[in-house]
Amino acid sequence: MKKIRRFIFLVVVALTIVPFSIVYAQDKPFEGKTLNMIMVADPFVSAFEDINAMFEEITGAKVVMDSYPYDQCHEKEVISLAAGTGDYDVIVYDIPWCGEFAEGGFMEELEPYIAKEDPNLIAMDDYFPVGVEAGKWKGKTYGLPFGLYFVLTHYRTDLFESAGITPPKSIEELEKAAALFTNNPNFPGVYGIAMNFRRGSPVGQAWFEYIWNFGGKYFEGVYPGSTKVDWTPTFNTPEGVEVVKFFQEMLQYNPPGALSYAWDERATAFQQGKVAIASTWTSRTSMYFDPNLSKVLGKVGTTVFPAKEGITPIPPVGGWTMGIASSSGNKDLAWEYIKWFCSKEIHKEFCKRGGPVSRLSAVNDEELMNEFPWYKTVAETFPLTYVDCRPRIPESFEIIDVVGLKVSEALVGDITPEQAMNDVQNYVTTLMKTRGYLE
Amino acid sequence: MNIKSKFLIYFLAIIIVLISVFPIVWLVMTSFKTRVEIFSIPPIWFPKISFENYIAEFSGGSSRLPFLFNSLKVAFFSTLITIIIGSLAAFGMARFPVPGKRNLEFWILSIRMMPPVAVIIPLYLIMRSLKLLDTNIGLIIVYVSFNLPFVIWILAGFLRGIPKDIEEAALIDGCNWFQSLVRISLPLSAPGLATVSIFSFMFSWNELLAALVLTGRNAKTLPVAISEYWSTTQIRWEAMAATSVIHIIPIIIVTFLIQRYIVRGLTMGAIKE
Amino acid sequence: MQKILGRVGFFLMLPAIIYLVFISVYPTIYTVFLSTQDFNLTQPHKAVFVGFGNFVRLFQDDLFLKSTMNTIEIAILSIVLELIFGYIVAEVFDNRLKGMEVLRTIYMLPMMITPVVWGLTWVYIFNPNFGLANYIFERVGLGFQPWFSSANTALLSLVIINVWQWTPFTAVIFLAGLSGISPDLYDAASVDGAKWYQIALYIKIPHLKYVAMVTILIRLMDNLRLFDLVYSTTQGGPGSATETMSFFIYRYGFHFFNTGYSSAASLIVLVFTIIISQFLIRIFYRGEEISEY
């Protein structure tokens, strides 16, 4: 039975490759050329390696991939792009960096390239709408949203069942559930929840993920559906402070060492059965379903990221877009790669290998839905998301890092939540003033 | 010295050396381990010796070999240039009545004290406008500037220690200028030259910050490549160890060969006769 | 004649001088200029002149002040420990026994090797779960230590690595200093019936004062620029426990590309370094006669 399935799989793969092979005719048009990519060292790297091999087969071009952890990735990308040395052709960059990269002139505008292609190939309307927006800055497209992440709240179906509670539908329920499982003799060796509390991007981004769901925002004029332009920071509002207090509360329901937890540790804690709940990005969801490594296989359920009672959830959206470096010497080859990789067919291949689903066709695809039951929650989530849940202006990285520093200091107990958010407010206000956003 | 004291001294010396050296041994052992062995508790002191990590890191698609070559090229040429420019300057400073010499010497010495982190940003901008970012040449230029003050200072001190009489005797004996330089001064300064060459090479070989900022995929040096193993999670210890061992082997060899010069170089920096 | 010789000498020094002016002096001046601007490396066209604005912000910046405190703390702890251990080691190695030279050479290895390697190696050793350090500590009853994962112990862990790596430097210098003590002093002392600790206290240590001063100043400047170790271990965390001044400059310069702010901070570090180096230079030349040159 297995052999036949494998055979069918191969045939399907072959059939999807064939149309592209025909496009590239008999010889390999890019034989001998090298395409340089830089990206983040997230779990999808192995999916990329597989798919890049396919690209090499078809076009003859060699794909060289440099991948780095999150902060280093940002560092290396900016240094390299600012240097303008043409080191890299294809840039995979995080949504909040969009403004920085666009304003810095690092990325090619993609409209001219898209215009020349068959619209069915590009299929812009097949992406989750929030993704299309994410790749745009001031109306121009700089990246294709191949790797959209959403935060889903994952929970242990078995533990919830024995405790007799339903998956959390609000922050209040989340807190109650986390408290229930921590230090509970009925559930030995388990903690309530794992969260990102490490100083810097991890906890900084976490603040931005939760603020909307506490009814707050970070700039006066930045919220879903806003038409007004007002860059006054709103970090030290009661909601802003409440998020920090919430983190302090939740710390006790986290495993020891949580203060240095970042994305990997958090996901591993859930995968190894240490915690009952973990709200993590979809990039790591397939980890929990990995038959080789996951200790919670078959016991994982997902639900939409909760908000406080009475507030409509705005689940966090994030993820990676793919664009062409303006300093690249291989722009045509880069575009060939990007349009091929982001096409519906190859995106499905990407998803099959654990890549984060970003297209409507993929999330509704029967085969994928059967293999990945959490697609249902993704489908419920993406319409609720807001593209600017984290700022995308050039100052974004710095702002998130400051929030990350101050919140982490509050968590360690060096300062109070009020003080932390006041500090952030002052810092960002000064920053926005000197950069000309505020008077 | 009696047997007891001798024994005590050897004993203490060995303990001190062990403390100093165990991380090196640990590093080498780690480079032989497999992924699983890295995480084992209790820690494995003597894994089976296997070179698969070395092969993995220095061959194939993501080979670190080019970076090793970059380090070699940059260290070698920066040392060469530094020695040439530096010995000229040291010679001029030590043997000639240059006006304002005392001030010049102070100035050169102060530059030696300057922390690289203070000038790294302008250097980045300068190199960028010269289109020398991510090139070996760019890094060589910067390293020469870092090493020059030290080299001049040490060599000048060394040359001053060589009595002028010998050279004057040679001149009286009929040697001309140039012959005196080549036959007398050069051989006498050989230990000094050896010392500064080694320090210069070592500095360039070990340097991180400038390389981090000024190089990219093409001119990356080995320390940068090693720093890239760092991540908040999932550090590939075995790979990092293999690359590091390759990096430190030349240093270890050189240290043993030239240890006398090293001691002299360090103390020359600290002790005035 | 003097004049001609003087010119020749000057010409010999010229290449070095030109080189240093372009690659050392000019960048320093550039740094001063940059420190008065607010600009982001990725958008240089938006640069704005802010005069002393960056400096004012720096002195009110908690993180900068914390980094200064951290740097000072690391420096003081490291130097004190290095002096003590360095002296002890120098005493042990101060003899002509067979094989001592080899042992001494091996002992010097840590400081010859680039700090990046040590950072990563010690992160492995200090790993709370499967690292060598905790394994040994638990065996000898000292218990589980969080090392780099707790704000309380992270700085100390850095100091341990720093001291471990650089004590050989102090030891070698002290050794050379000790060898400069005339044997007559020892003979006189033993005639007077002095015990070993009296010899240490009244002969050796005073004689090493000058050398110790020099060592302290050099290590002080080294610690001001402590970067490689922080970059390869904690990157300033947890919290801001191991944020050093050099790392602060790097973070603002190459994580946020806030070039102006970073330059202002590096100027401050430069000023500290110059002040310390002035002391150092003065000590160096204290012993030197006004030369005939």
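Visitor: Can you help me understand the overall build of chain A in this one?
Guide: The number of helices and strands found in chain A is 20 helices and 10 strands. Here chain A has a C-alpha radius of gyration of 22 Å; the compact-globule value for 439 residues is 22 Å, and the two agree. In terms of overall dimensions, chain A has a C-alpha envelope of 65 × 65 × 35 Å along the principal axes. Counting over 439 residues, chain A shows a buried share of 62%. In chain A, the proportion of contacts linking residues at least 24 apart, taken out of those at least 6 apart, comes to 75%. On chain A, roughly 16,500 Å² of surface is accessible, and the fraction owed to carbon and sulfur atoms is 53%. If you average the places of the 39 positive and of the 57 negative side-chain charges in chain A, the two averages end up 4 Å apart.

Visitor: I keep staring at the interface of chain C and chain B and nothing clicks. Help me out?
Guide: How large an interface is tends to be reported as the accessible area lost when its parts come together. Contacts between the two partners involve 97 residues from chain C and, on the opposite side, 102 residues from chain B. For the pair chain C and chain B, the two sides together bury roughly 9,200 Å², of which 80% comes from carbon and sulfur. The interface formed by chain C and chain B includes 8 residue pairs in polar contact (both at pLDDT 80 or more). The element contributing the most residues to the side of chain C that touches chain B is helix 1 (residues 2–35) of chain C, with 23 residues. Across the side of chain C that touches chain B, the residue classes tally to 66 nonpolar, 24 polar and 7 charged.

Visitor: Is there a simple way to think about the packing of aromatic side chains in this case?
Guide: Aromatic ring pairs: the centre-centre distance and the angle between the two ring planes describe each pair. Residue and element names in this part refer to chain A. For the structure on display, the rule yields 90 aromatic pairs over all chains. Between Trp212 and Tyr218, the aromatic rings sit 5.7 Å apart at their centres with planes inclined by 80°, giving edge-to-face as the arrangement. It is Lys116 that lies over the ring of Tyr113; its NZ or CZ is 6.0 Å from the centre. When the ring centre of Tyr127 is taken as reference, the NZ or CZ atom of Arg359 above it lies at 3.9 Å.

Visitor: Even after reading the chapter, I still don't get the nonpolar core, so can you show me in this structure?
Guide: Within soluble globular proteins, side chains that are nonpolar generally end up buried alongside one another. The biggest cluster of nonpolar side chains holds 333 residues, and the ones touching the most others in it are Phe48, Trp207, Phe247 and Tyr337 of chain A together with Tyr124 of chain B. Setting aside chain neighbours within four positions, we find Tyr124 of chain B in contact with Ile79, Ala82 and Ala83 of chain A, Leu133, Val213 and Leu214 of chain B together with Leu41 and Phe254 of chain C.

Visitor: Can you walk me through a nonpolar patch on the surface in this structure?
Guide: Taken together, the side chains of Ile72, Ile76, Val80, Leu81, Ile84, Phe85 and Ile88 of chain C present a nonpolar region at the surface, about 590 Å² in accessible area. Within the secondary structure layout, Phe85 of chain C lies in helix 3 (residues 62–93).

Visitor: Would you explain the environment of Pro187 of chain B in this entry?
Guide: For Pro187 of chain B, the position within the fold is in helix 9 (residues 177–206). Linking Pro187 of chain B and Met240 of chain B, residues 53 residues apart in sequence, is a C-alpha distance of 42 Å.

Visitor: Please clarify how the pairing of strand 6 (residues 144–156) of chain A should be interpreted in this entry.
Guide: Within a regular beta strand, the side chains point alternately toward one face of the sheet and then the other, so they alternate between its two faces. Residue and element names in this part refer to chain A. Burial analysis of strand 6 places 13 of its 13 residues in the buried class, the great majority of the element. Here strand 6 runs beside strand 8 (residues 275–281); their pairing, made up of 5 bridges, is antiparallel. Paired with His154 across the two strands is Ala278, which belongs to strand 8.

Visitor: Sorry if this is basic, but what is going on with the interface of chain A and chain B here?
Guide: Taken together, the contact pairs 16 residues of chain A with 18 residues of chain B. Between chain A and chain B the total buried area reaches about 1,300 Å² when both faces are included, carbon and sulfur atoms providing 48% of it. Together, Gln72, Ile79 and Asp87 of chain A form the three largest contributors to the area buried by chain A at its contact with chain B, with a combined 29%. Linking chain A to chain B there are 2 salt bridges. Arg217 of chain B is the partner of Asp66 of chain A in a salt bridge, and the nearest nitrogen-oxygen pair spans 3.5 Å. Between chain A and chain B we count 7 residue pairs in polar contact (both at pLDDT 80 or more) in total. Where the side of chain A that touches chain B is concerned, the elements lending two or more residues are strand 2 (62–68), helix 3 (70–83) and helix 12 (263–271) of chain A. A total of 5 residues in the side of chain A that touches chain B trace back to one element, the largest contributor, which is helix 3 of chain A. Here the residues of the side of chain A that touches chain B sort into 7 nonpolar, 3 polar and 6 charged.

Visitor: Looking at this structure, how should I read the side chain of Asn147 of chain B?
Guide: All names here are of chain B. With respect to the secondary-structure elements, Asn147 resides in helix 7 (residues 136–161). Of the residues examined, Asn147 reaches a relative accessible area of 5% and is grouped as buried. What Asn147 contacts, discounting residues up to four positions off in sequence, is Thr82, Ser200, Phe203 and Ser204.

Reading the values: rules and limits
Residues numbered from 1 in each chain as written. Chains lettered and ligands numbered in written order. Predicted model: local features only at pLDDT ≥ 70, side-chain atom pairs only at ≥ 80, totals over all residues. Heavy atoms only, no water. Helix = DSSP H or I, 4+ residues; strand = E, 2+ residues; numbered from the N terminus. Rg over C-alpha atoms; globule rule 2.2 N^0.38 Å. Buried < 20%, exposed > 50% of the residue type's maximum accessible area, 1.4 Å probe, protein only. Contact = heavy atoms within 4.5 Å. Areas by Shrake-Rupley, 256 points an atom, 1.4 Å probe, with all protein chains shown as cover. Lys, Arg positive; Asp, Glu negative; His and termini not counted. Charge placed at Lys NZ, Arg CZ, Asp CG, Glu CD. Buried area = accessible area lost by both parts, 1.4 Å probe. Polar contact = N/O pair within 3.5 Å; in protein donor to acceptor, adjacent residues only side chain to side chain. Nonpolar A, V, L, I, M, F, W, Y, C, P; charged D, E, K, R; others polar. Phe/Tyr/Trp six-rings, centres within 6.5 Å; stacked < 30°, edge-to-face > 60°. Lys NZ or Arg CZ within 6 Å of the ring centre and 35° of its normal. Core = buried A, V, L, I, M, F, W, Y, C linked by side-chain atoms within 4.5 Å. Patch = residues over 30% accessible without salt bridge, like charges linked within 9 Å, V, L, I, M, F, W, Y side chains within 5 Å. Salt bridge = Lys/Arg side-chain N within 4 Å of Asp/Glu carboxyl O. Pairing = 2+ DSSP bridges.

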